[in-house]
Amino acid sequence: MTDPAVRELAAAVAALFPPRVERARVDAWLTAALNDALARVHDGAVIPDIDMARFRAELDAIDFETPRPLEALLEWSIERMEHGIVQMTNPRYFGLFNPGASFPSQCADRIVSSFNPQLASSASSPVPVALESHLIRAVARRAGLGLQAGGHFATGGSEANYTALICALTCAHPDFAQRGARAFPGAPVFYTSRECHIAWLKIAHQAGIGRQALRLVDTDGSGRLDPQALCRAIAADRASGAVPVMLVATAGTTGGGMIDPLAPCADIARREQLWYHVDAAWGGAAIASERMRTLLRGMERADSITIDAHKWLATTMGCALFISARPAVLSEAFHASTSFMPSSIAGVDPYLNSVQWSRRFLGLRLFLALGAAGWAGLGAHVERSVAVIEQIRARLTALGWSIANDSPLAVLDALPPTPQDVRVLVRRVVAAGRAWVAPASFEGRDVVRICATHGATSERDIEELVSALSAAAC
Ligand SMILES: Cc1ncc(COP(=O)(O)O)c(C=O)c1O
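Rules of the game
Residues numbered from 1 in each chain as written. Predicted model: local features only at pLDDT ≥ 70, side-chain atom pairs only at ≥ 80, totals over all residues. Heavy atoms only, no water. Near = heavy atom within 4 Å. Polar contact = N/O pair within 3.5 Å; in protein donor to acceptor, adjacent residues only side chain to side chain. Helix = DSSP H or I, 4+ residues; strand = E, 2+ residues; numbered from the N terminus. Nonpolar A, V, L, I, M, F, W, Y, C, P; charged D, E, K, R; others polar. Axes fitted to C-alpha atoms, helices over the stretch in contact; angles between N-to-C directions. Parallel < 35°, antiparallel > 145°, perpendicular 65-115°, else oblique. Left-handed = near helix turned anticlockwise from the far one by under 90°. Contact = heavy atoms within 4.5 Å. Buried < 20%, exposed > 50% of the residue type's maximum accessible area, 1.4 Å probe, protein only.

Visitor: What should I look at first to understand the site of the ligand in this one?
Guide: Around the ligand there are 14 residues in total, and G157, S158, T254, D279 and D308 lie nearest to it. Within the side chain of T254, one N or O atom sits 2.8 Å away from an oxygen atom of the ligand. A distance of 2.9 Å separates an oxygen atom of the ligand from a polar side-chain atom of H310. Top contributing element to the shell around the ligand by residue count: helix α7 (residues 157–172), with three residues. Its residues assigned to classes, the shell around the ligand shows two nonpolar, nine polar and three charged.

If you want it as structure tokens, here you go:
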């Protein structure tokens, strides 16, 4: 380019698109720096130790007027991440369902970021769309949903669950697509237990049927949905003119890892002609284990299921699967028509079958993890987490703790030997920085929620957790 003005523009843009040699050099440096940082995180504190007042002041000084060298910014970013978050890659994070991400899924992110494919349409991304569809069918078969099942990847359990509600409403009334909730002769309502993930309230709000549409059914005293209470709630709603549209059973509740009675729920949904959705966002990973998959018996009768690969299947965030035994409903719910898209094939193009339009290639994360480990490897990961929790259970009960939940999955709701404010206890454990647990409420009692989330938690890590809990409970 000869025009000096254009040359100047090109020089500025080089910061965004450096030449190949420069990219390779920075890439190599970045890989090494990340490895070093993650090694320090593994042995270090689980909680952030950054001075946030100083950090905010630092941010205030960044006005984006003066460009800075990329390497300095990368170094700064890694350092701040090392000290500025609760560390999911620390094996003493016994926290919410967020995993230490598996290496194959991290590799997938690198590949996907490099090619940056657009997965809205099969014409733009024939290979990724076919790969995701193959993987969805493989997981559907493993979950027992049958050969006709289909679905797609979503950003998380909330998006997948939202998709389920839209499918249920679309199926429940032929005019829902055009007239929304007004199509129904009474208020549409749906059911799940009061131990459900409470994002269902936001989902009801988003879908336009209102938060009151969510019926939080009583549990059986052990954290599982009570089928009799469910039948009573449905009968009362029908008597008052409301229109039941969906039943959601949870396979692995967020607080206590409990599995609702999936087969009885399937019977009730069939009898009442409700869309049957199983929210297996976390617990769905049990399908990977030959020994544990029978725990989910009844799930194969669902109209749809949610499984978050970014929970117990340990991919990077966010990577959920929405799978339906009736994939034609997706095309009915999410169809659109436009001239600018490179392809418009109902039942194939992701933008015609899901909430999103532009979409990232999420499926490669699970594809590489499953490909590298096989079902047996992912199953071993899931069983190992349960073994970790069993060890913690044994250690704590020997010290006089009691366990409130009776989950076969990898989460423990523990109570200290002497009655005390559990939230204070948890704050003490977290503040000490050597282990991370959460406060939760299970069947109305405050408990210490301990979940195995990291694939490499060792006996030493378990000992550190137990001694942190013991010290905090004194
Ligand atoms: C049972 C259940 N469903 C849904 C969700 C929401 O999933 P996400 O956070 O991926 O949107 C969670 C999150 O923990 C969950 O535990």
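Continuing now.
Visitor: Can you walk me through the packing of helix α5 (residues 103–115) against helix α13 (residues 363–398) in this structure?
Guide: Packed helix pairs are characterised by how far apart their axes lie and by the angle those axes make with each other. Running from N to C, α5 and α13 cross one another at 140°; their axes reach a closest spacing of 8 Å. With respect to α13, the axis of α5 lies oblique. Considering only the axes of α5 and α13, their crossing is right-handed. Of the residues in α13, those touching α5 at P104, S105, C107, A108, D109, I111 and V112 are L364, R365, L368, A369 and A372. Across the contact of α5 with α13, the residue classes break down as nine nonpolar, one polar and two charged.

Visitor: Explanation requested: the side chain of T457 in the structure shown.
Guide: Position of T457 among the secondary structure elements: in the loop between β11 (445–451) and α15 (459–473). You can call T457 buried: its relative accessible area is 3%. For T457, the side chain forms a polar contact with the main-chain oxygen of H454, separated by 3.4 Å. Apart from residues no more than four positions distant in its own chain, T457 is found in contact with P91, F94, R384, V388 and I462.

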